[in-house]
Structures are given as structure tokens and as C-alpha cells.
Amino acid sequence: MSQNTCRIRPAEPRDVPVLLALITELAEYEREPDAVRNTGALLHEHLFGPDPKVFAHVAEETPTDDDGAPAGDPAVVGMAIWFLNYSTWEGVHGIHLEDLYVRPSARKNGHGKALLATLAQLAVERDYARLEWAVLDWNELAIGFYDAIGSDAMNGWTTRRLHGEALTAVAAHAPKALAEEPSE
């Protein structure tokens, strides 16, 4: 019986098209098929520009034959897109996982767990305080998966967001700068 081997690696510029496809698939899964405004150019700029603030890892599957030899080209089947946050109480950074997604055809093969383990390893190696993310209340499969690996629900916390017209309205009330900020 043939199998697939999995490799987790940092995303590379050549992965931008498949990352954008995975982002779109995730939006469809999360019942927001028209919400993606990202483009390949924007994704490339943010992940691989001169001063990236967003990072990504991919899960890559290589089909193997009955003897375990590679039997095809590797294919990206999952992603973790993340950025650094900061804990004022701990005084150190943490990782915020923005998106974790594995294609349905590749689920149950350990890719999601391997992506999370890779980010956890980065956090431990870099002395970050935590790895955190949000999950939709209705996504019982994901919640069960996250519970099984030992993550804690942040009871008592509610995610809030300012966006669109509300963001613009609040921004209009910002105090005017007294002096220009020094350039770096």
C-alpha cells in the first residue's frame, strides 16, 4: 500500500500561489467565500519583502510507493500563517497563529499537528511565552483537535475587532501629532 510522507518547511516565494489558494479554501470552509481580498503580490510582499512581519510554514506531502520510495513530486497540502505578538506581563514575544489549514484530502495524516509542533518548537527555541490562536465557536472538529493536543480555551476573553467604517470613525478621533516622529 502506498503512503505519503510529510515534511514541514518554511514557506518560500514559489509557494505564494498555493498559499493564496489555501487561504481561499479556508475562507470557504469558514463560510466566508467572498471575504478574501488578499492577492499574490500582497502575500509575497508581506511574507518575503525587505522587512517581513508575517511568516508561514507549509506541510508538504510526497507520495511513496509500496517500498517507501518517492513516487511523485511533493505537493503543499497545508499551511500555518503566523506573526509575533508580545506579552506585556511576561515581557517576551509569543506566536499568534493566524491561519492553520490542511486540505480535506490530506487531513488525519498528522499535518496539522506537525505544523503546530513546528511553531511550538520555534516558540520554545526562541524563549517565547506562548503560541495562541482563535477558533470559530461552531468548528467542533478543530476544537476537539485543539483540546486533544492540550491547548487551553481562554475562558473569560472575547475577541474584539474594529474594521471598515467603525475603524475609520475611531481613527478620525486620534489626537494630532505634536511633532513628527523621528525616523529610524
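Residues numbered from 1 in each chain as written. Predicted model: local features only at pLDDT ≥ 70, side-chain atom pairs only at ≥ 80, totals over all residues. Heavy atoms only, no water.

## Quick word on a nonpolar patch on the surface
Taken together, the side chains of Tyr29, Leu136, Trp138 and Leu141 define a hydrophobic patch exposed on the protein surface, amounting to about 380 Å² of accessible area. For leucine 136, a relative accessible area of 33% corresponds to the partly exposed category. (Patch = residues over 30% accessible without salt bridge, like charges linked within 9 Å, V, L, I, M, F, W, Y side chains within 5 Å. Areas by Shrake-Rupley, 256 points an atom, 1.4 Å probe, with all protein chains shown as cover. Salt bridge = Lys/Arg side-chain N within 4 Å of Asp/Glu carboxyl O. Buried < 20%, exposed > 50% of the residue type's maximum accessible area, 1.4 Å probe, protein only.)

## Observations regarding the pairing of strand 3 (residues 75-87)
In this sheet, strand 3 lies alongside strand 2 (residues 55-64) in antiparallel orientation, the contact comprising seven bridges. If you follow histidine 57 over to strand 3, its bridge partner there is alanine 80. Summarising the sheet, strand 3 and strand 4 (residues 92-102) pair through 10 bridges and their orientation is antiparallel. Bridge pairing in strand 4 links tryptophan 82 to leucine 97. Hairpin geometry of strand 3 and strand 4 is characterised by an intervening segment of four residues between the two adjacent antiparallel strands and by a positive phi of about 75° at glycine 91. (Pairing = 2+ DSSP bridges. Helix = DSSP H or I, 4+ residues; strand = E, 2+ residues; numbered from the N terminus.)

## Describing the nonpolar core
In terms of nonpolar packing, the biggest core is built from 17 residues, with Ala80, Ile95, Leu97, Leu100, Leu115 and Leu119 touching the most fellow members. Mapped by element, the contributors of at least two residues to this core are strand 3, strand 4, helix 3 (111-125) and helix 4 (140-148). For this core, the element with the highest residue contribution is helix 3, accounting for five residues. Ignoring anything within four residues of it in the chain, the contact list for leucine 115 reads Ile8, His57, Val58, Ala59, Gly78, Met79, Ala80, Leu100 and Val102. With 16 residues, the next largest nonpolar core counts Leu20, Leu47, Ala56 and Val58 among its residues. (Core = buried A, V, L, I, M, F, W, Y, C linked by side-chain atoms within 4.5 Å. Contact = heavy atoms within 4.5 Å.)

## Observations concerning unusual backbone geometry
At arginine 31, a position not held by glycine, the phi torsion is positive, near 65°. Within the secondary structure, arginine 31 sits in the loop between helix 1 (16-29) and helix 2 (40-48). The phi dihedral of lysine 108 is positive, around 70°, even though this residue is not glycine. With respect to the helices and strands, lysine 108 occurs in the loop between strand 4 and helix 3.

## Let's talk about the packing of aromatic side chains
Within the structure shown, the criterion is met by four aromatic pairs. Through pairs of rings, three or more aromatic residues link up here, namely Trp133, Phe145 and Tyr146. Positioned above the aromatic ring of tryptophan 138, the side-chain terminus of arginine 31 is 3.7 Å from the ring centre. Against the face of tyrosine 29 rests arginine 107, its NZ or CZ located 5.3 Å from the ring centre. (Phe/Tyr/Trp six-rings, centres within 6.5 Å; stacked < 30°, edge-to-face > 60°. Lys NZ or Arg CZ within 6 Å of the ring centre and 35° of its normal.)

## A word on the environment of threonine 159
With respect to the helices and strands, the residue threonine 159 is situated in the loop between helix 4 and helix 5 (164-171). Residue class for threonine 159 comes out exposed when judged on its relative accessible area of 67%. Taking the C-alpha atoms as reference points, threonine 159 and arginine 14, 145 residues apart in sequence, are found 33 Å from one another.

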